[in-house]
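# Fold and contact review
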Number of protein chains: 4
Amino acid sequence: MKTQPTRHERRKLHTRRKLLDAARQEIARRGYEATGVLDITEAADVSKGTFYLHFRDKEDLTRTLILEGFAALRTRLTEALGASPRPADSMEEALRVVFRHAAENRDLFRIMLGRQASAELQMTALEYFSNAVEEIIRGQIVPDRPLPLPPDLLARFITGAGVQVGLWWIEDDHGLSPEAIAAILYRLLTRGVLPDSLPVSPA
Amino acid sequence: MKTQPTRHERRKLHTRRKLLDAARQEIARRGYEATGVLDITEAADVSKGTFYLHFRDKEDLTRTLILEGFAALRTRLTEALGASPRPADSMEEALRVVFRHAAENRDLFRIMLGRQASAELQMTALEYFSNAVEEIIRGQIVPDRPLPLPPDLLARFITGAGVQVGLWWIEDDHGLSPEAIAAILYRLLTRGVLPDSLPVSPA
Amino acid sequence: MKTQPTRHERRKLHTRRKLLDAARQEIARRGYEATGVLDITEAADVSKGTFYLHFRDKEDLTRTLILEGFAALRTRLTEALGASPRPADSMEEALRVVFRHAAENRDLFRIMLGRQASAELQMTALEYFSNAVEEIIRGQIVPDRPLPLPPDLLARFITGAGVQVGLWWIEDDHGLSPEAIAAILYRLLTRGVLPDSLPVSPA
Amino acid sequence: MKTQPTRHERRKLHTRRKLLDAARQEIARRGYEATGVLDITEAADVSKGTFYLHFRDKEDLTRTLILEGFAALRTRLTEALGASPRPADSMEEALRVVFRHAAENRDLFRIMLGRQASAELQMTALEYFSNAVEEIIRGQIVPDRPLPLPPDLLARFITGAGVQVGLWWIEDDHGLSPEAIAAILYRLLTRGVLPDSLPVSPA
DNA sequence: AATGAATGAGGGTTCATTCAT
DNA sequence: GATGAATGAACCCTCATTCAT
């Protein structure tokens, strides 16, 4: 059992991959709603019928695409932060990892969060990020000093701000490295937006 | 003279209003993409043809809906802040006004910003808010102390955070008054999210 | 009884005339099928409802337009040929009258016979002409020398040829006067198309 | 290899043929304008969507129908007249071929030339025939005896007459064989319509 | 596993016609 | 008599999905 991927299986996986890649490009280019199954299959150079051999429908494929992206990001975060990260320091490092990942997966981030998404998709992705952030927040609560605000509210605040900063930077990096934009976001989140609390020279 | 806005015109305006109201409800319920022109006209109890007498297409109607909303909010803000608001104090007051307005126009805010929107719509609304915030920021820059961060980036940060907090609160107010949620957001924006800077008792 | 046309009636007739004129122009410009009732009423500067006060529908109006044209032509023919025309000579004269009339009523002839017509209209007009020609033919049959061909066939032959020659000339008169084109058509009809029977210098 | 026009392709061609046949019948019955795509697909017993798989729109299909008809007629003429026809004799023979073809393709001729056409279609078909006739005329001009009339005018004359005679005969053959009606038309065209020049016994 | 012809519900839109004013 | 808002049937067309091959 599990001897080899049976050429057949390799071929099948290859087709599936072609579809996912084509979908990412097409959706990033034309937007989720405007991209038809035909656009995807033509870009993948397979027949329309084949699509339904691999995915239940367009939403299924897109969800797969996004979950793959999340999984990859998670892996990367885990690797970068080690098994037991010390939270305080690790937050900024986590942001750095996320921005680096975003830079390398622009299409995917646009599909998840930008105009190219469907509102549905956008909210789903946002919720995913938000849940992850909430998880982290909950992990940091110490029993004798409970948080004065609901963790899910904090998570939404952070995620909303982070996503918009991320999109601003993905559209045009303004000469900022992933590390630089991570530092800015970290500072804004932890110190607020009043001029006094802002760094003197950002970039 | 001018006694009669020509019953005709009154009738027409009435129909137009019925369409706008029906559209707001239907889109809030089913989402922008899932709502057909037929759904709207049926809810408004007019014929499909009538729709096209008043609006070029679904997008036109929705844009009208949203612009109306923006206009109403702007009016309200202007009234509340007076002719010459002192910026520093007025920020929190502005947030209060916005949250009060949001509470009274849940459907509209969901349509603009929530899952019910199209991604396109969502970004457009977000941009609108973001531009308004940017405007305010630029208005506060004093020549001898320039902002260390691009105003549009700050605006995106604030808007992203604000919108998510707003949606969190619109979905379920968690027992928080508009004033309370405005205070929380203001605090998070100006002092950051670290536990130390958070108030002791939120609501 | 019949005192004066009662200002009211004059006004009504005036509106009717405006509609007919507008229709002729619009249909000549855009074609019968492509011309909407709205196009006509706007050109006539009356409301859409008014249209149906004067005509049952678009076809009714168009038929009226064409019948008016026929009536005018008939009047002109009667005047020109006198009460008892001697057939032989009168045929060419009749053609001259028709071509003169066509030149002065291009729009109408285009609507009846050209691309601007509906196929229905075209055949109706053609049948009208054909019937008129048949009438003439039957009037010339002398009992002891019956025609060797059915009069309706001859009439269709003549009408078909005449209409196409007429359209050729209406589109561009090629420098030919009504009299000249009438002479050509007469010659072709009576002598045939073989080179030998053709006149030496046409125009 | 090439044994199989890929059952797929055969099936597709079959569907296409069903659509063309159904369209010919329906348009012949109800007229071009009055026939909807739905009428055609129902008659062909395929779904509405299938229509658009084979033709861009109704006009596209109709053009195809007519061009097919022209092509078939042209083939037949070429076969009948041989490679190098002697013009003089061949004109009557050509008419015979055309009338035979018309008899076997009544629906198509009605669609192209009769009330069932759109005026547009009618003029297009007429122009096609007219151009063909003009071609023939030009081919017969001998340098030292130039035609005294413009070839296109002659062509229009002949075509107009021929089409009307053809329609007269297609509607009801009046007991005339294709050969007989061809002879009549030939005689009328070459000798004119005056009683003296007409044959004594028509059929 | 792959194909692509066929499906058909549903979308947006137009426009001749009606009718209350 | 004139108006024009409202009607609704009918149209063309797209596209996600199915299914026979």
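Cut-offs applied
- Residues take numbers from 1 onward in each chain, read along the sequence in its written order.
- Naming scheme: in the order in which they are written, chains are lettered from A and ligands are numbered from 1.
- Predicted model: local features are reported for residues with pLDDT of at least 70 only, side-chain atom pairs are reported and counted for 80 or more only, and whole-chain, interface and lining totals are derived from all residues.
- Side-chain descriptors were evaluated using all non-hydrogen atoms of the structure, hydrogens and water having been removed beforehand.
- Think of it this way: any DSSP run of H or I at least four residues long counts as a helix, any run of E at least two long counts as a strand, and we number them from the N terminus.
- Burial classes: relative accessible area under 20% of the type maximum marks a residue as buried, over 50% as exposed, and values in between as partly exposed (1.4 Å probe, protein chains only).
- By definition in these notes, contact holds between two residues if any of their heavy atoms fall within 4.5 Å.
- By the criterion applied in these results, polar contacts are pairs of N or O atoms within 3.5 Å in which, for protein atoms, one can donate a hydrogen and the other can accept it, and in which residues neighboring in sequence qualify only through two side-chain atoms.
- Here a residue is near a molecule or strand as soon as one of its heavy atoms is found within 4 Å of it.
- Each residue gets one of three labels, nonpolar for Ala, Val, Leu, Ile, Met, Phe, Trp, Tyr, Cys and Pro, charged for Asp, Glu, Lys and Arg, and polar for the others, Gly among them.
- All axes here are fitted lines through C-alpha atoms, helices being fitted over the stretch that makes contact, and every angle between N-to-C directions spans 0 to 180 degrees.
- Here the angle decides the label: under 35 degrees means roughly parallel, over 145 means roughly antiparallel, 65 to 115 means roughly perpendicular, and every other value means oblique.
- Left-handed is the label given to a crossing in which the near helix is rotated counterclockwise from the far helix by less than a right angle, and right-handed is the label when the rotation is clockwise.
- Buried area: the accessible area, evaluated with a 1.4 Å probe, that two parts lose upon being put together, summed over both parts.
- Here, a salt bridge means any Lys or Arg side-chain nitrogen found within 4 Å of an Asp or Glu carboxyl oxygen.
- Think of a nonpolar core as a cluster: buried Ala, Val, Leu, Ile, Met, Phe, Trp, Tyr and Cys residues, connected wherever their side-chain atoms sit within 4.5 Å.
- When charges are tallied, Lys and Arg are placed among the positive residues and Asp and Glu among the negative ones, while His and the ends of the chain are skipped.
- For this overlay, a least-squares fit was computed on C-alpha atoms, restricted to residues scoring pLDDT of at least 70 in both copies.
- Stacked, tilted and edge-to-face are the three classes applied to pairs of Phe, Tyr and Trp rings, where Trp contributes its six-membered ring and a pair requires centres within 6.5 Å; stacked means planes under 30 degrees apart, edge-to-face means over 60, and tilted covers the rest.
- Geometrically, a lysine NZ or arginine CZ counts as sitting over a ring once it is within 6 Å of the ring centre and also within 35 degrees of the ring normal.
- The directions from the helix axis to the C-beta atoms are what the arc is built from.

### Considerations on the environment of D152 of chain B
Relative to the helices and strands, D152 of chain B is located in helix α8 (residues 151–171). In this structure D152 of chain B comes out as partly exposed when scored by relative accessible area, which is 25%. For the pair formed by D152 of chain B and E135 of chain B, sequence separation is 17 residues and the distance between their alpha carbons is 9.0 Å. Residues within four places of D152 of chain B in sequence aside, it is in contact with W168 of chain A together with E134 of chain B. There is a polar contact of 3.0 Å between the side chain of D152 of chain B and the side chain of W168 of chain A.

### A word on the protein's contact with DNA strand F
Taken together, 32 residues lie near DNA strand F, and T15, T50 and H54 of chain B together with R7 and K48 of chain D sit nearest. Expressed as a percentage, the sugar and phosphate content of the atoms of DNA strand F within 4 Å of the protein is 62%. Contacts to DNA strand F include Y52 of chain D, whose side-chain N or O atom sits 3.4 Å from a phosphate oxygen. Breaking the surface near DNA strand F down by element, the ones donating at least two residues are α3 (48–54) of chain A, α1 (7–30) and α3 (48–54) of chain B, α1 (8–30) and α3 (48–54) of chain C together with α3 (48–54) of chain D. For the surface near DNA strand F, a count of residues per class yields 8 nonpolar, 13 polar and 11 charged.

### Focus: the packing of helix α8 (residues 151–171) of chain C against helix α9 (residues 178–191) of chain C
All names here are of chain C. One can describe the packing of α8 onto α9 by two numbers: an axis separation of 11 Å at closest approach and a directional angle of 150°. With respect to α9, the axis of α8 lies roughly antiparallel. Classified by chirality, the crossing of α9 by α8 is right-handed. Each of F157, I158, A161, G162, V165, W168 and W169 in α8 lies in contact with α9, whose residues at this interface are P178, I181, L185 and L189. Tallied by class, residues from the contact of α8 with α9 come to 10 nonpolar, 1 polar and no charged.

### With respect to the interface of chain D and chain C
Tallying the contact residues gives 48 residues for chain D and 47 residues for chain C. When the two sides are added together, the surface that chain D and chain C hide from each other amounts to roughly 4200 Å², 66% of it contributed by carbon and sulfur. Looking at the side of chain D facing chain C, the largest losses of area belong to R115, R156 and F157 of chain D, adding up to 18% of the total buried there. Its salt-bridge partner being E171 of chain C, residue R156 of chain D comes within 3.6 Å of it at the nearest N-O pair. Remark: the boundary between chain D and chain C carries 10 residue pairs in polar contact (both at pLDDT 80 or more). When contributions to the side of chain D that touches chain C are tallied by element, the ones reaching two or more residues are α7 (119–140), α8 (151–171) and α9 (178–191) of chain D. In terms of residue count, the dominant contributor to the side of chain D that touches chain C is α8 of chain D (13 residues). A breakdown of the residues in the side of chain D that touches chain C according to their chemical character gives 29 nonpolar, 9 polar and 10 charged.

### Section: unusual backbone geometry
Backbone geometry at D45 of chain A places phi at a positive 60°, although glycine is not the residue there. Counting through the fold element by element, D45 of chain A comes out in the loop between α2 (37–44) and α3. Of note, H174 of chain D is a non-glycine position whose phi angle comes to about 50°, a positive value. Tracing the backbone shows H174 of chain D in the loop between α8 and α9. Given a relative accessible area of 39%, H174 of chain D falls into the partly exposed group.

### Considerations on the interface of chain A and chain B
Contacts between chain A and chain B engage 47 residues on the former and 48 residues on the latter. When chain A packs against chain B, the two sides together hide about 4200 Å² of surface, and 66% of this comes from carbon and sulfur. Counting the surface chain A buries against chain B, the share from its top three residues, R115, F157 and W168 of chain A, is 18%. Along the contact surface separating chain A from chain B lie 6 salt bridges. In this structure, E127 of chain A engages R115 of chain B in a salt bridge whose closest nitrogen and oxygen atoms are separated by 3.1 Å.

### Overview of the nonpolar core
Judged by nonpolar contacts, the single largest core of 112 residues is most densely connected at F157 of chain A together with F157 of chain B. Residues Y32 and I181 of chain C together with I66 and A161 of chain D belong to the second largest nonpolar core, which totals 111 residues.

### Let's talk about the side chain of K58 of chain C
Residues and elements named next belong to chain C. Position of K58 among the secondary structure elements: in helix α4 (residues 58–81). For K58, which is buried and forms no salt bridge, the nearest opposite charge comes from E33, at a distance of 5.0 Å. Ignoring any residue separated from it by four or fewer positions in sequence, one finds K58 in contact with Y32, E33, T35 and F51.

### Thoughts on the relation of the copies chain A and chain B
Screw-axis analysis of chain A against chain B gives a translation of 0.1 Å along the axis, an RMSD of 0.3 Å, and a rotation angle of 179°. With respect to symmetry, the two chain copies, as superposed, fit the operation of a two-fold axis. Most of the interface of chain A is mirrored in chain B, where 100% of its interface residues again form contacts.

### Let's talk about the protein's contact with DNA strand E
Neighbouring residues of DNA strand E: 35 residues in total, closest T15 of chain A, R7 of chain B together with T15, T50 and H54 of chain D. Each atom of DNA strand E within 4 Å of the protein belongs either to a base or to sugar and phosphate, the latter forming 61%. Within the side chain of T50 of chain A, one N or O atom sits 2.9 Å away from a phosphate oxygen of DNA strand E. T15 of chain D is positioned with one of its side-chain polar atoms (N or O) 2.3 Å from a phosphate oxygen of DNA strand E. Those elements that provide at least two residues to the surface near DNA strand E are α1 (8–30) and α3 of chain A, α3 of chain B, α3 of chain C together with α1 (8–30) and α3 of chain D. Classifying every residue of the surface near DNA strand E gives 8 nonpolar, 14 polar and 13 charged.

### What to know about the arrangement of the chains
The two units chain A and chain C remain apart, with a minimum C-alpha distance of 32 Å. If you take every C-alpha in chain A and every C-alpha in chain D, the smallest gap between them is 14 Å, and the two do not touch.

### Overview of the packing of aromatic side chains
Taken as a whole and judged by the stated rule, the model has 30 aromatic pairs over all chains. Both rings, one in F70 of chain C and one in Y128 of chain C, keep their centres 3.4 Å apart while their planes meet at 10°; by these two values the pair is stacked. One end of the pair, F70 of chain C, is in helix α4; the other, Y128 of chain C, is in helix α7 (residues 119–140), and 58 residues separate them in sequence. Overall, Y128 of chain C belongs to the partly exposed group, its relative accessible area being 26%. Joined through ring pairs, the aromatic side chains of F70, F109, Y128 and F129 of chain A make up one cluster. A cation over a ring is seen here: K58 of chain A above Y32 of chain A, with NZ or CZ 4.6 Å from the ring centre.

### Quick notes on α2 of chain A
Residues and elements named next belong to chain A. When we look at burial in α2, the residues that qualify are V37, I40, T41 and A44. Buried residues along α2 cover an arc of 90° about the axis, so they all sit on one side. Next to the buried residues of α2 lie α1 and α3.

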